[in-house]
Each structure stands twice: as C-alpha cells, then as structure tokens.
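Take a look at the letters that make up each chain.
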Amino acid sequence: MKEINASDFEKEVLNGGKVILDFYSTECPPCEALASKFEDLSHLYGNDIRFLKIFRQGNRELAEKLGVKSSPTLLFFANGNEIAGRLGGGIKKGEIISRLDSMLPAKRVAEIKSGIKRTVSDFDVIILGAGPGGLTAGLYLCQAKINTVLVDISLPGGHVSTTHEVSNYPGFIDPQPGYLLSHNMSEQTKLCGTVYKVAVDITSVDLIRKEVVIDEFETVRAKKIIIATGTTPNLTGAPGEKEFKGKGISYCATCDAKYYEGKDVVVIGGGNSAVEESEYITRFAAKLTMVHQFDKLTANKQAQEKILKNPKVSILFESEPRSFTREGEKIITTVENLKTRSVSRLESDGIFIFIGFRPNLGMIKDKLELDQWGYIRTNEDMQTNIPGVYAVGDVISKKYRQITTAVADGTIAAMAIAKELD
Ligand SMILES: Cc1cc2nc3c(=O)[nH]c(=O)nc-3n(C[C@H](O)[C@H](O)[C@H](O)COP(=O)(O)OP(=O)(O)OC[C@H]3O[C@@H](n4cnc5c(N)ncnc54)[C@H](O)[C@@H]3O)c2cc1C
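All figures in this text were calculated on a predicted structure; none of them were measured in a lab.

Draft legend 1. Quick look at the site of the ligand. Taken together, 35 residues are adjacent to the ligand, and Gly129, Gly131, Gly158, Gly230 and Gly393 come closest. Counting residues per element, the ones that place at least two in the shell around the ligand are α6 (132-143), β8 (148-152), α10 (272-281) and α12 (403-421). The residue makeup of the shell around the ligand, split by class, is twelve nonpolar, 18 polar and five charged. Counting residues domain by domain, the shell around the ligand receives three or more from each of domain 2 (120-232 + 358-421) and domain 3 (241-353).

Spelled out as structure tokens, the structure:
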C-alpha cells in the first residue's frame, strides 16, 4: 500500500498495471471505516493490484478533475483506463472484493482465496453494533469481567460520531462535538478490555447458536448476544438518488459539508436531523434550500426558531423531490409541490438527505418478535423473545430514541446478563 500525491498520478496510476486508488479525507468516519479493509485487502491482492491512497483535501484539483465529489471514493484502473465502476460512501469489503476479482483471471482469484484461513473464537457475549447502546453494554460487561466482543460494520460511535454537536448528554456544560463524545465512549470501553472487531462485513448471524461470521472467514461464538445495531436513514427513492449517492448526494453533514464552502446546497427533510444538520451546513454553504413535505417543520421548537432566522436558509414546504439529475457541475432536483402539483427545478452543488430512519436488522430479523414498524420488542431487561438474545438502543420498539435512552438500555442489558452469567 502506498500514499501518493497528484504529481505522482500519471506515473503511479496511468502508466500501466492494475490499480485501486482511495481518495480519503480526514474527519471522515466512512474513510476510517474503509482504511482497515483497504489495508487487509492489500495483503491479499497486493501482488496483483497496486493499492494507492491519496489525500483528497491536499489534492483537490486532481479530485475535481476526476469528478471525485465525496470521501471516500475508490477508483479502479487497468492500463491507465478507469474500469469497474467507482465505490463511495460506506463501502463494504465485499463490494471491493467483487471489483478486485473482476480485474483478475478466475484462476488467480481462486488461488488468492484459497490462501485465506478460517478462524473461530469464543466469548461470553457478542455485541452487534458499537453505538452508544452497544458501547455502554460493552463497558458494563467488561467492568463485570465478562469476556465480550463488540462487532460493528463501521467504526465505533454509531450516529453520535457523525452528529456535529450534542448539547443534551448529561455531564457536559458546553455542547460536545459528536465525534469527540463517541470517541470518548469508545475509548473508555476499549481501554477497559472489550475486544473490538469493527469495520467488518457481517456474513451471517445465527441467534439460536449465538454465532456471528465476519468477513466470510472469521466466526465469533458466545453464550449471549446483544443486538445494538441502531437505525439507517431512509432514502427518498427518487430516480438519481442511488446513482449520485457519494457523488453529490450525501447523508452525513460532518463528512461532506466542508466541501460546499460558498456553494449552494439542497437539504431534503424538515425534522430534527434535517434542521440541526442544515444549521451546521450553513457554516460552509452560501445558500441552503430545504425541501419539506409538510406545511411546517417537525423539529423541536428551539431548532426551528434558529433555522427560520438563518438568512442563508429558505424552505419549500409541502414539497417532495421527484428526481436528481446532473447538468455539468450542478445537480438538478426536480421538486413537486404537493398542494398545487406544480413542478420546479432546484439547481445546486450538492444534496443532503435527512428523512427519517429504519431499524438495522437485515439478515437478523427472521425469528425475532418485532413491532408494526419493524423494531425489536424487548422486556424490561432488554431480553427479546429468543433466549439469550438481548436488544438495546434505537433498534428496539420504544417511544424516544436518544443517546441517553440507548445508554440506559445498554446498561440494563449488561447488568441483566452479568447477573445471569454469575
Ligand atoms: C443527525 C443526528 C443527530 C442526533 N443528535 C442527537 C442529539 O443531539 N442528542 C441525542 O441524545 N441523540 C441524538 N441523536 C440520536 C442518537 O444518535 C441515537 O439515539 C443513538 O445514537 C442510538 O444509539 P444506538 O447505539 O442504539 O445506535 P446507533 O448510534 O445507530 O449505532 C448503531 C451501530 O450499529 C452498527 N451496525 C449497524 N448494523 C449492524 C450490523 N448488522 N452488525 C453490526 N453492527 C451494525 C452501526 O454501524 C452503528 O455503529 C441524533 C441522531 C442523528 C441521526
């Protein structure tokens, strides 16, 4: 693996051979989540494909020339030509592997894969998800001397790590940057001795056998499992959204707002997240237009008052995006007014989407009892309907989803498990 600069681009990337190039930034959780996968894969594929990294902020001109709009972005080259389709945002290890495999003969791919060894390790408790709920459970279990592993598909911290400021977490007089609060939570749990397996792909989860397979070849087993996988932002479903995700459409203000200095931005949504993140984005953007489906904002009153006074912000009420298209450097959002049915065009340099969440259950929901919205039902000890399986935080059925409520759930589950295992 090698770090390059724009001046090396021609020599290192365009002059033949097979190359994977990672445009990364600092203060970018998805870039950090990618880093360990990129390094792991460089050990496996490094003899056949050159693994290069380039710092996007320090090489902006090249990034812009190549049309790299967000971090991280992975580009693939063969003999000087870009191939295989770009990857951006929260990149899965499996997605990279399938790109890399497509660049090599099948026989060589089989050889590389035959060199990977399967491993199995045993713990008392597996925690799936290292947001505030999972981290707190990890801390309490570790302090109770229970052998615990925290498994996360991303870096630890959950939503808090990408929230620019948290002003309602007790114990801090001043608002805390989200990344710092989550970093401190994570360090406290890690330093206690909880084992971390983060930035991994989950291959399978067996709640009955209490087995989780990570990155295809690594199995972790335990007596108990805590599900703390939180929620994921909803998509608008408008044409162009998937295509421009990570290429002008973002779901993370802390990651990408800094690239819109003096530019025009559209925000879809009008709830707490949309309003709070819009406030942050206006530190950089010259102009911000919110598109909101209702006739008034649904964020808390204090946040509403602040954004309504912000001179950079205008709001299109009772409106929804219908498509996202690109015209040169600009992204065009087609917006329909739900009352008049008239359609207008919004020209901007980037889009941020904040329109609610859904529980992260994916492959693990089958045998769990869920509520009507798909959230896990638990009892007061955070136990699910499956013996030995607990759930905490935003992923469970409850009325209020906050850091403090996730932390409380994590505490309860850990204490209940500690008592059971005693
Ligand atoms: C923009 C924004 C601003 C917010 N601001 C505040 C605020 O100011 N104050 C406040 O109290 N609350 C705030 N919240 C809410 C708060 O962040 C959440 O309630 C809290 O983070 C929930 O914690 P959690 O541990 O349940 O889940 P999350 O924080 O969502 O963490 C879940 C973790 O699970 C991981 N994961 C997902 N799927 C899997 C899987 N299959 N296997 C393993 N791991 C998985 C994720 O990568 C993540 O790390 C905000 C939320 C958002 C989105």
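Next comes the rest of the write-up.
Draft legend 2. Molecular detail of unusual backbone geometry. Cis geometry marks the peptide bond from Ser71 to Pro72, where omega comes out at -5°. Here the phi dihedral of Glu216 falls at roughly 70°; this positive angle occurs in a residue that is not glycine. When you line up the elements, Glu216 lands in the loop between β11 (211-214) and β12 (218-221). One non-glycine residue, Met382, adopts positive backbone phi at about 75°. The residue Met382 is located in the loop between β23 (357-359) and β24 (389-391) in this model.

Draft legend 3. Structural view of the domain arrangement of the chain. As assigned here, the chain comprises domain 1 (2-114), domain 2 (120-232 + 358-421) and domain 3 (241-353). Between domain 1 and domain 2, the residue contacts involve nine residues of the former and eight residues of the latter. Sorting elements by how many residues they give to the side of domain 1 that touches domain 2 places helix α2 (residues 29-45) first, with five residues. Across the side of domain 1 that touches domain 2, the residue classes tally to two nonpolar, three polar and four charged.

Draft legend 4. Up close: the nonpolar core. Of all hydrophobic cores here, the largest spans 77 residues; its most connected members are Ile126, Ile226, Ile227 and Val392. Mapping this core onto the domain boundaries places at least three of its residues in each of domain 1 (2-114) and domain 2 (120-232 + 358-421). Counting 31 residues, the second largest nonpolar core, distinct from the first, contains Met290, Val291, Phe324 and Ile353.

Draft legend 5. Just the pairing of strand β18 (residues 313-316), in detail. Both strand β17 (residues 287-291) and β18 contribute to a ladder of four bridges, which runs parallel. Bridging across to β18, Thr289 finds its partner in Ser314. For the handedness criterion, the β-α-β arrangement of β17, helix α11 (residues 301-309) and β18 is classed as right-handed.

Each value, and the rule that gives it
Residues numbered from 1 in each chain as written. Predicted model: local features only at pLDDT ≥ 70, side-chain atom pairs only at ≥ 80, totals over all residues. Near = placed C-beta within 6 Å. Helix = DSSP H or I, 4+ residues; strand = E, 2+ residues; numbered from the N terminus. Nonpolar A, V, L, I, M, F, W, Y, C, P; charged D, E, K, R; others polar. Domains from an automatic or database assignment. Contact = placed C-beta atoms within 7 Å. Core = buried A, V, L, I, M, F, W, Y, C linked by C-beta atoms within 7 Å. Buried ≥ 20, exposed ≤ 12 C-beta atoms within 10 Å, placed from the backbone. Pairing = 2+ DSSP bridges. Right-handed = clockwise from strand over helix to strand, strands pointing away.

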